[in-house]
Amino acid sequence: MKSKAVRILLTLAVVAVAVVLVLGRYRHYVTNPWTRDGMVRAQVIQITSRVTGPIVEIPIVDNQLVNAGDVIFEIDPRTFQTNLDQAQANLDSTRDSLKALASQVVASTAIVAEYKSGIKQAQSSIKAYKANQDDAQITYDRIKKSAVSGGVSQQDLSNSLNNLNIAISQFEKAEEMLIEANAFRMQAEAELAKAEADLGAPGDENAQLRAAMAELEQAQLNLEFTKVLAPVDGYVTNLDLRLGSQAVANQPVLALVDIQSFWIHGFFKEDIVGDVEIGDRAVVTLMSYPDTPLQGNVDSIGWGIAQDDGSTGEDLLPNINPTFEWIRLAQRVPVRVHLKDVPDRVKLRVGTTASVLVMKGTAEGGEKTGETPPVPKLLQ
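What counts and what doesn't
Residues numbered from 1 in each chain as written. Predicted model: local features only at pLDDT ≥ 70, side-chain atom pairs only at ≥ 80, totals over all residues. Heavy atoms only, no water. Helix = DSSP H or I, 4+ residues; strand = E, 2+ residues; numbered from the N terminus. Buried < 20%, exposed > 50% of the residue type's maximum accessible area, 1.4 Å probe, protein only. Contact = heavy atoms within 4.5 Å. Areas by Shrake-Rupley, 256 points an atom, 1.4 Å probe, with all protein chains shown as cover. Pairing = 2+ DSSP bridges. Axes fitted to C-alpha atoms, helices over the stretch in contact; angles between N-to-C directions. Core = buried A, V, L, I, M, F, W, Y, C linked by side-chain atoms within 4.5 Å. Polar contact = N/O pair within 3.5 Å; in protein donor to acceptor, adjacent residues only side chain to side chain. Salt bridge = Lys/Arg side-chain N within 4 Å of Asp/Glu carboxyl O. Expected span 1.5 Å × (residues − 1). Lys, Arg positive; Asp, Glu negative; His and termini not counted. Phe/Tyr/Trp six-rings, centres within 6.5 Å; stacked < 30°, edge-to-face > 60°. Lys NZ or Arg CZ within 6 Å of the ring centre and 35° of its normal.

### Topic: the overall build of the chain
When helices and strands are counted, the chain shows four helices and 14 strands. The proportion of buried residues among the 380 residues of the chain is 30%. By sequence separation, contacts in the chain at least 24 residues apart represent 80% of the contacts at least 6 residues apart. In the structure as shown, the chain presents an accessible area of about 24300 Å², 54% of it carried by carbon and sulfur atoms.

Right under this line is the structure:
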């Protein structure tokens, strides 16, 4: 009887120790917010080409790791090289045209200056001829008055009149020359203005030159765009390209998973998300690696989720889901967890399942806890 009692006591002791160990392991998942509704997320970049053309090279395979700057695929560059050559030729032609227009502006400027100088000379001649005319008029008037009294001969009167007519003729001719010179000046100034307008702004500010340079730069960019490069380090996913396939500009052809952007989205019920604070330590257990818990911190907490009730349905009427008054389903709020020190053996894959445990009070130097074991399989 005594040995039987001892065996019973030992059995009870073993069971008690086992219960204590199990309760100790489950304690974190009773006293802290946790959820089985977690998901691995990452930034997924849609790779598109910037130009349209047939694909001539695909140096990668599906699910390959590529580095930023690696060529993912290449489009036939020959058409774009031809466009670049044409743009270069157009730029050279534009520069030659601008040089010719600049020479025309210089020539027109010289002509305008010449006509302005002629105008000044004509104006000086007019003053001189006007003075001669005035003197001839005074002389004629004096001789004519004297001729009445017989003080001078008719020949002197005739000579005086002839001199007056010559002076008047010279003055009128000088005025005509001035009018003609002004007309030529105005024409030359109009031609100068047209030449300056055709030339445009000087140097690199010239619109024609800038347009030709922009066309050349665009052609260079298009040629560079024939090589589609990886923007970040990541994994190529859903590669379904073939040589000869037509790449269409701005149409996604494959996905690239940024390996530096992985995070965990844990969807916590709204009645416990209030216990979660930004900065709290989090333990993530992936379904694909159940025995390797990952450490992280709460990075942010979602401020809203989409609702089905009220969305537009058939006949433009609102969709309203039926509810049961005695059942209230808690909504789930996304909590973003930033992972730290992911082991090399753990391969994160977008969309895979995870369980997330948040340690309350560990934000900003709060309560510290030791290493937390993986989520028990029963709770995964």
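### Considering the sheet that holds strand β10 (residues 263–269)
Paired through backbone hydrogen bonds, the strands of a sheet run either parallel or antiparallel to each other. Within the closed barrel, the six strands sit side by side as β1-β10-β13-β12-β11-β14. Their pairing is antiparallel. Between one strand and the next, the sheet's axes are offset by a mean angle of 40 degrees, whatever the strand orientation. Note that β10 and strand β13 (residues 332–340) share six bridges and pair antiparallel. Looking at β13, one finds that H265 is bridged to R336.

### A word on the nonpolar core
Core analysis: the largest hydrophobic core is formed by 23 residues, its most contacted members being I264, V284, L286, L294, L348, V356 and V358. If you list the elements that add at least two residues to this core, you get β10, β11 (281–286), β12 (289–301), β13 and β14 (353–358). Considering each element in turn, this core owes the most residues, four residues, to β13. With residues up to four places along the chain from it excluded, the contact list for V358 reads N32, P33, F268, V276, D280, R281, A282 and V298. Counting 18 residues, the second largest nonpolar core, distinct from the first, contains F225, V228, A230 and A247.

### Remarks on the side chain of Q295
Within the element layout of this structure, Q295 appears in strand β12. With a relative accessible area of 16%, Q295 lands in the buried category. In this structure the side chain of Q295 is engaged in a polar contact, spanning 2.8 Å, whose partner is the side chain of R281.

### Some remarks on the pattern of salt bridges
Within the structure shown, the criterion is met by three salt bridges. Across the pair D37 and R332 runs a salt bridge whose closest N-O atoms are separated by 4.0 Å. Of the two residues, D37 is situated in strand β1 (residues 34–41) and R332 in strand β13; the sequence distance between them amounts to 295 residues. On the basis of relative accessible area, R332 is assigned to the partly exposed category, the value being 35%. With a closest N to O distance of 3.9 Å, D299 and R336 form a salt bridge. Of this pair, D299 sits in strand β12 while R336 sits in strand β13, and the two are 37 residues apart along the sequence. Accessibility expressed as a relative area gives 26% for R336, which makes it partly exposed.

### So, helix α4 (residues 207–225)
If you check α4, its first and last C-alpha atoms are 26 Å apart, about what 19 residues at 1.5 Å a residue would give, namely 27 Å. L209, A212, L216, A219 and F225 are the residues of α4 that are buried.

### Concerning the side chain of D280
Examined against the element boundaries, D280 turns out to sit in the loop between β10 and β11. Of the side chains with opposite charge, K360 comes closest to the buried, unpaired D280, at an N-O distance of 9.0 Å. Within polar-contact distance, the side chain of D280 engages the backbone nitrogen of T362 at 3.4 Å. Non-local contacts of D280, meaning those with residues more than four positions away in its chain, are made with D275, G296, N297, V298, V358, M359, K360, G361, T362 and A363.

### Structural notes on the sheet that holds strand β7 (residues 234–237)
Strand order across the open sheet formed by four strands is β2-β9-β7-β4, with antiparallel pairing between neighbours. Only two strands of the sheet have a single partner each, and these edge strands are β2 (44–48) and β4 (65–66). As judged from the four bridges shared by β7 and strand β9 (residues 252–258), these two strands associate in the antiparallel manner. Pairing of Y235 across the sheet is with V257, part of β9.

### Observations concerning the pairing of strand β5 (residues 71–75)
Consecutive side chains along a regular strand alternate between the two faces of the sheet. Extensive coverage of β5 is indicated by the burial of four of its five residues. Here strand β3 (residues 53–57) runs beside β5; their pairing, made up of two bridges, is antiparallel. Residue pairing in the sheet places E57 in a bridge with E74 of β5. Relative to strand β6 (residues 227–229), β5 is paired through three bridges, and the arrangement is antiparallel. The partner of E74 across the bridge, within β6, is K227.

### Describing the pairing of β3
Pairing of β3 with strand β8 (residues 246–247), which is carried by two bridges, proceeds in the antiparallel orientation. Bridging from a neighbouring strand, P54 pairs with Q246 of β8.

### Points about unusual backbone geometry
Positive phi, close to 70 degrees, is recorded for N63, a residue that is not glycine. Its location among the elements puts N63 in the loop between β3 and β4. Note on N63: relative accessible area 52%, which makes it exposed. Backbone geometry places N250, a non-glycine residue, at a positive phi of 65 degrees. Here N250 lies in the loop between β8 and β9.

### Topic: the packing of aromatic side chains
Within this structure, the stated rule accounts for zero aromatic pairs. In this structure, R50 packs its charged tip against the face of F225, placed 4.3 Å from the ring centre. Across the ring face of W263, the terminal group of R336 is positioned such that the distance to the ring centre comes to 3.7 Å.

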